[in-house]
Each structure stands twice: as C-alpha cells, then as structure tokens.
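These are the residues of each chain, in order.
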Amino acid sequence: MSKIKLIAIGVSMGGFEALEKVLGPMPADSPPIVIVMHLQPGIAKLFAAKIDRKFNISAKEAATGDILAPGKMFIAPAGLHMKIINRFGRLTIDCFLGEKEEFVMPAANVLFESVAAEVGKDAIGVILTGIGADGAKGLLKMRNAGATTLGQDEKSCAVYGMPKVAMEKGAVEIQMTPDEIAQKIISLL
C-alpha cells in the first residue's frame, strides 16, 4: 500500500493542458491532490468542474474546512492563499487572505511550505509551466522534508519560468514531460 498521502501541484501560464495530462491518468483512489494555479476569479471553479466531468477524480474549488480524501482534487480559489493544516488528526484546507508572495495570491510557495510541514516525506510535489519564481522556495522545503519533487521539462513548457527557477534552486529531483510526470506519480503510488 502506498504511503503517499498527498500530491501538491503548482502551475501558472500555459498550465491547463499540462495539468490535464498529469491528472488524466490518475486513478479514482489516488491520494488527494491540491493545486495552486494563478487564475482570474471564477476560473478555478470552472476548471475544477471540467476535471470533475472528464477524469476519474472528484474536483472542486477549495474552501476552508475541506477534508482531504482519496480521489479528491482541490484547486485554490483566485485571490486567496491555500495551505494544508492538520485539524484533529485530519488533513484539511485553509484558504485565507494574505500578502502576495512572488507577486501572486494564491502562491504555490504557501501551499508547498504547508505540505512540507504537515506531510513531509509522504507527499509528492510537482511544479509545471509558468512565469516567475513562485513555487521554487516551497518545493525546496518539500524536497528537504523528504518529499518526491518533480518539475516539467523545458521542451514541454509553454513558459519555462517556475520549473527553471525550481531546478536552479535544487528543488526538483527530476524534470520530465507532463505525461511522464503522471506515469512517475502512478509508479510511486
């Protein structure tokens, strides 16, 4: 049985297609998946509804108090940070207003840092296509906590920004295409 308890993904510009390639093959009983994507208001809910209809996993826009469970995916709402907290022995979501980090809110760094603290080695962190440096610092904390960390490779990225910075900081163990990331995750489960 897998000891992986959580999959955390950070993505931005050009990320819809990459995310669909990563999420498509996920089994219905996969560990919970939490995603920070830099989106305009209302888009997270629409994207979650599309994933919910199209793939094996149940998807929704995250809200404070959501309980992480197998086969569930949560995407951070626009304009709020999202982190994982341990509430009474259960991993739950906290969405909140805060300071922008790397010029964005939600920030992948905030999510990844909380995953490093609450889940540690029993998590997988993924950074996909996007502009800027968001996610690199938090993904490095995940890697230092023993989590498996994967990054999208330059050739398959719409914008090789976030994965590049994460790779340069030593936060990414392996770079690969979104299809390969999906297969790697499944192999770890």
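Up top is the structure.
Below is a summary of the structure that appears in this document.

## Quick look at the environment of proline 163
Assignment of secondary structure puts proline 163 in helix H5 (residues 162-168). Taking relative accessible area as the criterion, proline 163 reaches 0% and is therefore assigned buried. Distance in space between the C-alpha atoms of proline 163 and glutamine 152 is 6.1 Å, their sequence separation being eleven residues. Sequence-distant contacts of proline 163, that is, excluding residues within four places in its chain, are made with Ile127, Leu128, Thr129, Gly130, Gln152, Cys157 and Gln175.

## Here's the deal with the pairing of strand S6 (residues 90-96)
Most of S6 sits out of view: five of its seven residues are buried. Bridging between strand S5 (residues 81-87) and S6 involves seven bridges; their strand directions are antiparallel. Bridge pairing links lysine 83 to aspartate 94 in S6. Between S5 and S6, which follow one another and run antiparallel, lie two residues, and phenylalanine 88 among them has a positive phi close to 55 degrees.

Calculation rules
- Residues numbered from 1 in each chain as written.
- Predicted model: local features only at pLDDT ≥ 70, side-chain atom pairs only at ≥ 80, totals over all residues.
- Heavy atoms only, no water.
- Helix = DSSP H or I, 4+ residues; strand = E, 2+ residues; numbered from the N terminus.
- Buried < 20%, exposed > 50% of the residue type's maximum accessible area, 1.4 Å probe, protein only.
- Contact = heavy atoms within 4.5 Å.
- Pairing = 2+ DSSP bridges.

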